[in-house]
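Observations on the three-dimensional arrangement
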Amino acid sequence: MTDAVSVSAPHPDVRFTRLSETEVETDPETGRRFKRVMMEKATPRYTWLLGRLKGKYWAEAENGSGERDVFVKHYQFHIYEVTFWVNEKEGVSRGKPFAFEADTGFPMHKLPATIPCHVVFEGNARQFGVVLHQPQFSGVRFVRKLQQEEGEELFGTIETEATGYIWDDVTEVNEIIEFLPDIEPVTVQVDDIAAAGSESHVRVEKQGWHRGNGYKWPALNTYRRRGATDDFFTLLFNGIGWLLLCLFVIALLPRLLFLLPLIGAVVLFRIIPAVFWEWLLKIVFGVLLLGWIGVLLFAGRSSTGGKSTVPAVADYDSVVAVPDRQQALEDAAPEGRPIDTLIWHYRKWYDYKGKLYKGRYFIAASDYRSARAWKNKIAVTGSECRAYDYMLSLLRQHDEKRLTGLYQMFDSIKAAGNLDSLAFAEMMVTCIQQIPYCLVLDKDCNPALYSDPFIRNYLRSENARCDSYERFGINTPVEFMATGKGDCDSRTLLLYTVFRHYGYQVAVLSSEYYSHSLLGIHLPLQGQAYYYNNQPYYCWETTAAGVPAGVLPKEVANLKYWRLSLISQ
């Protein structure tokens, strides 16, 4: 360490907030009008931290260049899941940065401006979630044995000495007296008539005045000269004008009867005092406010956990996003989770016997974002088949506890229909089978990019649905149920996750030869089955409506081309 300071103190930005104000009062001594205003003053407080930082990194190659041994210079870094160990006595400084020499071998400009992290005070069990501003590193070390490579991306662990600052606000509330500007009266000056002979001079001066917060009406100074001749001709022309206007109105009166209600309303507004209309508007506004509160209370009783409004019955493929009722802090929500936005779907489908089922389910928007982020950051290695199976396992583990809304819908249907295990399984599979098919690809939906005949022909079809640029060419269970977009392995993984939740013996069957995925289930059924440990797992097609378990199309019916990817034990 040297005396070089590489992190400078930010300029404080004091903010004032007007909290409340009283009605206008009058000073009995001076007669001036004033208000009492409660003003909050928020002053930023900056605290510098110095300690040892450890986290995970995800590095992207810039323009596809760079060698692995010098990847620091050629990669853009993203750091996450960071822990920052700080000595509470020596590693905390209020208002003054630490003397710190940054690592010249590490490009600090590639670091993000802020890093979310957990601060742990050494020798103390307390932990805090903070955002570290202007991070600076020294002695950067990458744990190469934990590093993984995937194309132009790297994943690994970073350790370093670090410094940066966090900030919060110090607030104080004071009452101030705010004097209101006075309104100057209108001054009328009449010149000496005798001095002007037969003419009169009237000079009117209106002084400038202020209204509200800074709205200024400019002063108006007018001078008008009137003579007796002017008055005569003015009266003459005015009389002729009014006469012509009356004749015109009388001629058109039969055709203007429809305007009488409007004229009556205008006259009524002019006659009745403004105070009456002011109170009438207050009463109407109060009634509307009470009605709005009643709607909110009624909707709260019909929602799940009191956090969102259940939408009206929507069409088959509709999605209803319900906004937050209020901003909730993490420590105020149950189980440490904040109030969330919910994505609602309404479903209606038939089982193999023609029985109608219908219901609503929801996916939390935070779970949807978490599932996408998890899919985009996991690292899988090994052979193609083993990497694919491991990827399915990771997605299942992450999403299984994030399908609460779907489980609630299935549970309510099972209880209402008193379904046994087989009928319950058919109800769930038919629900997913009847969601319209959507091809999920890791690239663009342009058929010219693919050599697979099925993909090319499907994308060229008239009613093709495609979800592009999804990593691994799959949607996780949460993503599929949130968007309604899924192909064979997206559906199979979802049903495997759901059946595993309910304790069924299920499997995911994969075929690189057929480029297809099936569900395998161990139930008292008949038809084609994949045997594992002398137990039959009956093959269930998930992409075609109306296909029961044990029935496979002849195009994919040869079981020697199928293998086991996942199995519940």
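The following paragraphs examine the structure supplied in this document. These numbers come from a predicted model, not from an experiment.

**Remarks on unusual backbone geometry**
- A positive phi angle, near 50°, is found at Asn418, a position not held by glycine.
- Locating Asn418 in the fold gives a position in the loop between helix H7 (404-417) and helix H8 (421-433).
- Its relative accessible area of 69% is what places Asn418 among the exposed residues.

**Here we look at the sheet that holds strand E20 (residues 516-521)**
- Spatially, 5 strands are ordered E21-E22-E20-E19-E23 in an open sheet, and the strand pairing comes out antiparallel. Among the strands making up the open sheet, the edge pair consists of strand E21 (529-532) and strand E23 (563-567). On average, each strand axis in the sheet is inclined to that of its neighbour by 35°, with strand direction left out of account.
- Of the strand pairs in this sheet, E20 and strand E22 (residues 535-540) are connected by 3 bridges, and their pairing is antiparallel. Across the sheet, Gly520 pairs through a bridge with Cys539, a residue of E22.

**Things to note about the state of the cysteines**
- Applying the stated criterion across every chain, the model contains 1 disulfide.
- There is a disulfide in this structure between Cys445 and Cys466, and the S-S distance comes to 1.9 Å. Sign of the S-S torsion, about -85° for the bond between Cys445 and Cys466, identifies this disulfide as left-handed. With Cys445 in the loop between strand E17 (439-440) and helix H9 (453-460) and Cys466 in strand E18 (residues 466-467), this residue pair connects regions lying 21 residues apart in the sequence.
- Residue classification places Cys445 among the partly exposed residues on the basis of a relative accessible area of 23%.

**Digging into the packing of aromatic side chains**
- Evaluated as defined, the whole model comprises 17 aromatic pairs.
- Ring centres 5.7 Å apart and planes at 80° place the aromatic pair Tyr514 and Tyr561 in the edge-to-face group. Residue Tyr514 is located in the loop between strand E19 (506-511) and E20, and its partner Tyr561 is located in the loop between E22 and E23; the two are separated by 47 residues in the primary sequence.
- Residue Tyr514 is classed as buried on the basis of its relative accessible area, which comes to 19%.
- A residue is classified by how much of its surface remains accessible, and Tyr561, at 29% relative accessible area, is partly exposed.
- Positioned above the aromatic ring of Trp85 is the side chain of Arg52, whose terminal nitrogen or guanidinium carbon lies 4.6 Å from the ring centre.
- We note Lys414 situated over the ring of Phe424; from NZ or CZ to the ring centre the distance is 4.8 Å.

**Focus on the packing of H8 against helix H11 (residues 488-501)**
- Put simply, H8 and H11 touch, their axes get as near as 11 Å, and they point 155° apart. Classified by the angle between their axes, H8 and H11 sit roughly antiparallel to one another. Every pair of crossing elements has a handedness; the one defined by H8 and H11 is right-handed. Note on element contacts: H11 touches H8 through Arg491, Leu494, Leu495, Val498 and Phe499, opposite Ala425, Met428, Val429, Ile432 and Gln433.
- Across the contact of H8 with H11, the residue classes tally to 8 nonpolar, 1 polar and 1 charged.

**Comments concerning the environment of Val37**
- Tracing the backbone through its elements, the reader meets Val37 in strand E3 (residues 33-61).
- Classification of Val37 by relative accessible area gives buried; the value is 0%.
- With 17 residues separating them along the chain, Val37 and Ser20 place their C-alpha atoms 5.9 Å apart.
- Excluding its chain neighbours within four sequence positions, the residues that come into contact with Val37 are Arg18, Ser20, Glu21, Asn174, Glu175, Ile176 and Glu178.

Reading the values: rules and limits
Residues numbered from 1 in each chain as written. Predicted model: local features only at pLDDT ≥ 70, side-chain atom pairs only at ≥ 80, totals over all residues. Heavy atoms only, no water. Helix = DSSP H or I, 4+ residues; strand = E, 2+ residues; numbered from the N terminus. Buried < 20%, exposed > 50% of the residue type's maximum accessible area, 1.4 Å probe, protein only. Pairing = 2+ DSSP bridges. Axes fitted to C-alpha atoms, helices over the stretch in contact; angles between N-to-C directions. Disulfide = S-S within 2.5 Å. Phe/Tyr/Trp six-rings, centres within 6.5 Å; stacked < 30°, edge-to-face > 60°. Lys NZ or Arg CZ within 6 Å of the ring centre and 35° of its normal. Parallel < 35°, antiparallel > 145°, perpendicular 65-115°, else oblique. Left-handed = near helix turned anticlockwise from the far one by under 90°. Contact = heavy atoms within 4.5 Å. Nonpolar A, V, L, I, M, F, W, Y, C, P; charged D, E, K, R; others polar.

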